[in-house]
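Okay, here's what each chain looks like letter by letter:
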Amino acid sequence: MKRFAAVSLAALMVLAVFASCASAADSVEIRGPVYNGTSLADIVPVSMDANSFAAFYYDLDEGTQTETLSVLSADDSDTIPEGDLVYNTKITFVDFEYAPGFTASDADNATKQFPVLGFFAEAFIPLDEAKADKLAKLVMDDDEKYTLRTGEILDLGEGYALEAKQVDVDGEKVWLEFTKDGEFIDDEIISVATADDTGDWVVDLDDIEDEDDVIVMRVHVNQVFQGAVDSIAQIEGLWLIDFENAMTIESDDEFGELEVTISGDTLNLESTDDITLNKDDTEEIAEGMSFLIADTPDDEFRFYVFKEFTEPGTYEIRGSVVDNNETSTWEWNSSTFAGFYYDIDDDVGTEELKILSSTGTDTVEIDDNQLVYTTTIENVDFEFAPGFTASDDDAATKEYPVLGFFAEEFVAIDPASADKLAKLVLDDDEKYTLRTGEILDLGEGYALEAKQVDVEGDKVWLEFTKDGEFIDDEIISVVAGETGDWVVDLDDVEDEDDVVVMRMHVNQVFQGAVDSIAQIEGLWLIDYENAFTIENDDEFGELEVTLKGKTLELSNDDSITLNKDDDEEIAEGMSFKMADNTEDFVRFYPFVEVTIEGAEEDVDDEEDVEEEPVVDETPVDDNVTVDEEPVVDEEPVVDEEPVDEEPEEPEEPAPGFGFVFGLAGLLAVVYLVRRNN
């Protein structure tokens with residue numbers, strides 16, 4: 001029983017760690033292929049499409065894509081000449097997700113496909129299927145089942161909604177209402193009484209970017225039910241475009257660095273000026289799509305294109321697509337799976353996923369131990385340069401050991417062993433200016449406070465905290481001969497001592513007539529409080545661990561079947577997605593998902609969102625003034641009338657359900673251990 005309790009306790013601790021790691025992001029970057037050479041001119045011409053650039057629109061079921069981006073030439077100064085950066089996208093047709101689609105005899109309902117156009121990595125619908133000039137974003141295309149009771153509202157996204165108003169007494173018809181931001185758009189009574197009743201509703205509207213009879217929504221009602229208690233409509237099949245935000249594109253319109261030419265069903269955009277790709281820089285192309293250029297030596301040049309998404313939602317980052325039956329073995333690494341960890345400056349990736357053998361023509365059967373995930377510790381440079389310069393070993397270190405683990409970045413506590421990991425919170429070379437009393441939020445509850453600056457303006461007293469609790473402090477000097485570096489190492493981090501958990505560099509200290517200031521340039525931090533240990537035979541999803549020094553190898557204990565039109569999770573949010581229309585061939589890819597929460601959720605779960613450090617501009621000295629625009633981490637402020645009441649004591653925030661269950665489990669284990677002692 002004692003062994004059971006110990007194993008249970010360990011399992012609960014690992015689960016708690018990974019629950020804390022599954023926090024939302026505030027942006028998602030999806031990268032394209034990495035290009036290496038001695039210069040940009042040595043690399044080009046290059047062209048990328050949805051097979052190589054995971055952000056571009058791609059329909060797995062149809063195997064179709066619409067977008068390409070090409071760099072045609074460059075000169076010796078790493079400059080792309082005017083007109084030689086070319087983006088092209090062309091209308092294609094794909095099946096509706098709900099099958100077999102609308103079956104009524106009229107032309108609209110008989111349509112099984114719709115026109116689609118990827119436009120800067122997002123799916124848009126042409127209002128005229130033959131012209132690419134008028135577009136509306138695709139909001140929904142699914143075949144999920146939704147059960148609506150009368151009076152219930154189904155949120156479709158972007159402010160659109162469906163409400164089941166009433167069900168008739170015979171349980172054969174439902175009255176649905178379609179709204180946008182609560183405003184009426186259309187309604188319909190839909191019947192499923194006879195075989196001739198399709199249960200379909202097609203909403204078409206006039207005057208959408210000067211176009212009439214534009215289909216904006218399709219709904220299929222599968223069943224209607226009138227019970228003694230509930231009146232229910234079951235919807236299976238939804239398709240919707242954001243018609244209220246449709247747009248018209250004209251020739252000579254400009255998007256970022258590109259200018260449009262329209263030719264029927266095709267948009268062609270070319271650069272209007274020379275574009276220079278400087279090392280260690282980001283160069284925007286258009287609509288959140290940019291070049292990222294590595295910080296490399298003179299004889300190396302490396303870059304990739306990426307798309308950054310910032311709108312709330314869940315984003316899929318996929319690997320390269322398997323689209324044949326010519327082989328039964330496949331593999332992905334950081335070059336072919338944009339979800340895997342990758343450091344462009346050092347050209348380092350650590351993760352690989354392999355299917356060693358498989359069988360099947362319309363499904364994929366993977367036998368025991370034939371799906372193998374490996375990740376190996378690699379060293380990468382700190383972002384702040386030239387790095388620490390003190391004579392002691394810790395401060396002289398220019399690199400740190402990193403490990404991608406299921407598409408997230410971790411730091412190995414022991415550089416020679418992959419069994420003890422902590423998530424990387426910060427690694428940057430940005431400048432942060434702190435007045436005395438100000439707190440720099442580092443993320444995950446960690447913070448730095450400038451306590452005081454000495455009267456000579458040579459030293460600053462800094463304090464390092466976690467969730468407001470003291471961890472360490474240091475007086476840092478920037479006088480001649482001093483480095484301005486602070487390295488925080490702690491003991492008993494997953495039973496390891498002298499673990500470096502934070503590094504920072506103070507660039508300047510200033511004591512003025514009004515302000516006392518410390519300027520920080522260079523921050524590195526790991527989430528040591530949530531570090532965890534992995535052991536042989538630990539299981540993550542379908543995979544079991546084997547430790548091999550600097551390498552973690554995980555393989556499937558049981559066989560895995562990839563079925564058509566299905567997602568099969570591997571472990572820790574990494575999955576395979578299979579197409580639904582394969583008969584004598586297979587088409588699938590691996591993917592991970594990243595969620596950007598909405599504004600309201602961000603307020604509720606602020607501590608779970610990974611953000612750039614922000615300064616809490618709250619001076620403790622009345623003589624301190626703010627004479628520049630601060631970056632302040634604030635809650636939204638509600639302007640209310642004053643209330644003549646005693647202020648209430650603030651309530652302690654209630655813990656989340658995950659915390660409650662985890663705590664309950666831990667207490668149960670403690671009880672078992674005590675009882676058996």
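Right, let's walk through the structure included here.

Each value, and the rule that gives it
Residues numbered from 1 in each chain as written. Predicted model: local features only at pLDDT ≥ 70, side-chain atom pairs only at ≥ 80, totals over all residues. Heavy atoms only, no water. Helix = DSSP H or I, 4+ residues; strand = E, 2+ residues; numbered from the N terminus. Buried < 20%, exposed > 50% of the residue type's maximum accessible area, 1.4 Å probe, protein only. Contact = heavy atoms within 4.5 Å. Areas by Shrake-Rupley, 256 points an atom, 1.4 Å probe, with all protein chains shown as cover. 1 Å grid on protein atoms, 1.4 Å probe; cavity = no way out; pocket = protein on both sides within 12 Å on 5 of 7 lines; lining within 4 Å. Points joined across faces, edges and corners; volume = space filled by probe spheres on them. Core = buried A, V, L, I, M, F, W, Y, C linked by side-chain atoms within 4.5 Å. Phe/Tyr/Trp six-rings, centres within 6.5 Å; stacked < 30°, edge-to-face > 60°. Lys NZ or Arg CZ within 6 Å of the ring centre and 35° of its normal. Salt bridge = Lys/Arg side-chain N within 4 Å of Asp/Glu carboxyl O. Pairing = 2+ DSSP bridges.

## A word on the overall build of the protein
Part 1 of the reasoning: Of regular secondary structure, the protein possesses six helices and 54 strands.
Part 2 of the reasoning: A buried classification covers 45% of the 677 residues belonging to the protein.
Part 3 of the reasoning: In the protein, 56% of the contacts between residues at least 6 apart in sequence involve partners at least 24 apart.
Part 4 of the reasoning: Accessible area for the protein stands at about 33400 Å²; split by element, carbon and sulfur atoms hold 43% of it.

## Quick notes on the layout of surface pockets
Part 1 of the reasoning: Of the volumes computed, that of the second largest pocket is approximately 2100 Å³.
Part 2 of the reasoning: Along the wall of the second largest pocket there are 50 residues; nearest its centre are Ala123, Leu138, Val139, Thr314 and Glu316.
Part 3 of the reasoning: Of all the secondary-structure elements, those providing two or more residues to the lining of the second largest pocket are β4 (58-59), β11 (122-126), β12 (134-149), β13 (153-157), β27 (301-309), β28 (313-318), β52 (574-578) and β53 (588-596).
Part 4 of the reasoning: Ranked by residues supplied to the lining of the second largest pocket, first place goes to β12 with eight residues.

## Considerations on the nonpolar core
Part 1 of the reasoning: In this structure, Phe119, Phe291, Phe405 and Phe588 are the most contacted members of the largest nonpolar core, which totals 89 residues.
Part 2 of the reasoning: When residues of this core are assigned to their parent elements, the largest contribution, five residues, is made by β53.
Part 3 of the reasoning: Apart from the residues within four sequence positions on either side, Phe291 is in contact with Val71, Ile80, Leu85, Leu277, Asp281, Thr282, Glu283, Ile285, Phe303, Tyr304, Val305 and Phe306.
Part 4 of the reasoning: Counting 44 residues, the second largest nonpolar core, distinct from the first, contains Tyr341, Tyr432, Val488 and Val499.

## Regarding the packing of aromatic side chains
Part 1 of the reasoning: Applying the stated criterion to the full structure yields 40 aromatic pairs.
Part 2 of the reasoning: Taking 4.4 Å as the distance between ring centres and 10° as the angle between the ring planes, the aromatic pair formed by Tyr373 and Phe406 counts as stacked. Here Tyr373, found in strand β34 (residues 371-376), pairs with Phe406, found in the loop between β36 (399-405) and β37 (408-414); they are 33 residues apart in sequence, far enough to count as distant. Residue Tyr373 shares its accessibility class with Phe406, and that shared class is buried.
Part 3 of the reasoning: Clustering of aromatic rings is evident, with ring pairs tying together Phe337, Phe340, Tyr373, Phe405, Phe406, Phe410, Phe532 and Phe540.
Part 4 of the reasoning: Above the ring of Tyr446, the side-chain terminus of Lys466 is found at 4.4 Å from the ring centroid.
Part 5 of the reasoning: Note that Lys577 overlies the ring of Phe591, its terminal NZ or CZ placed 5.0 Å from the centroid.

## A closer look at the pattern of salt bridges
Part 1 of the reasoning: Counted according to the given criterion, the structure contains 18 salt bridges.
Part 2 of the reasoning: The salt bridge involving Glu408 is made with Lys423; its shortest N-O contact spans 2.7 Å. Linking Glu408 in strand β37 with Lys423 in strand β38 (residues 417-435), this pair joins segments that are 15 residues apart in sequence.
Part 3 of the reasoning: In this structure Glu408 comes out as partly exposed when scored by relative accessible area, which is 28%.
Part 4 of the reasoning: Note that Lys420 is salt-bridged to Glu496, the shortest N-O span being 3.0 Å. Of this pair, Lys420 sits in strand β38 while Glu496 is found in the loop between β43 (485-490) and β44 (499-511), placing the two residues 76 residues apart along the sequence.
Part 5 of the reasoning: Here Glu496 falls in the partly exposed class, since its relative accessible area comes to 25%.
Part 6 of the reasoning: Shared partners join several salt bridges into a network, and the residues in it are Arg149, Glu152 and Asp230.

## Focus: the sheet that holds strand β47 (residues 539-540)
Part 1 of the reasoning: The strand order across the open sheet built from six strands is β29-β32-β34-β49-β48-β47, with neighbouring strands paired in antiparallel fashion. Lying at the two open borders of the sheet, with one neighbouring strand each, are β29 (330-333) and β47.
Part 2 of the reasoning: For β34 and strand β49 (residues 551-556), the ladder comprises five bridges, and the chain directions are antiparallel. Residue pairing for β49: Thr376 is matched across the bridge by Thr551.

## Digging into the pairing of β11
Part 1 of the reasoning: β11 sits mainly inside the fold: four of its five residues count as buried.
Part 2 of the reasoning: Across three bridges, the pairing between strand β10 (residues 113-119) and β11 is antiparallel. Within the sheet, the bridge partner assigned to Phe119 lies in β11 and is Glu122.
Part 3 of the reasoning: Turn length for the β10-β11 hairpin, with the two strands adjacent in sequence and antiparallel, is two residues, and the turn residue Phe120 shows positive phi of about 50°.
Part 4 of the reasoning: Sheet analysis places β11 next to β12, joined by three bridges and oriented antiparallel. If you follow Phe124 over to β12, its bridge partner there is Lys137.

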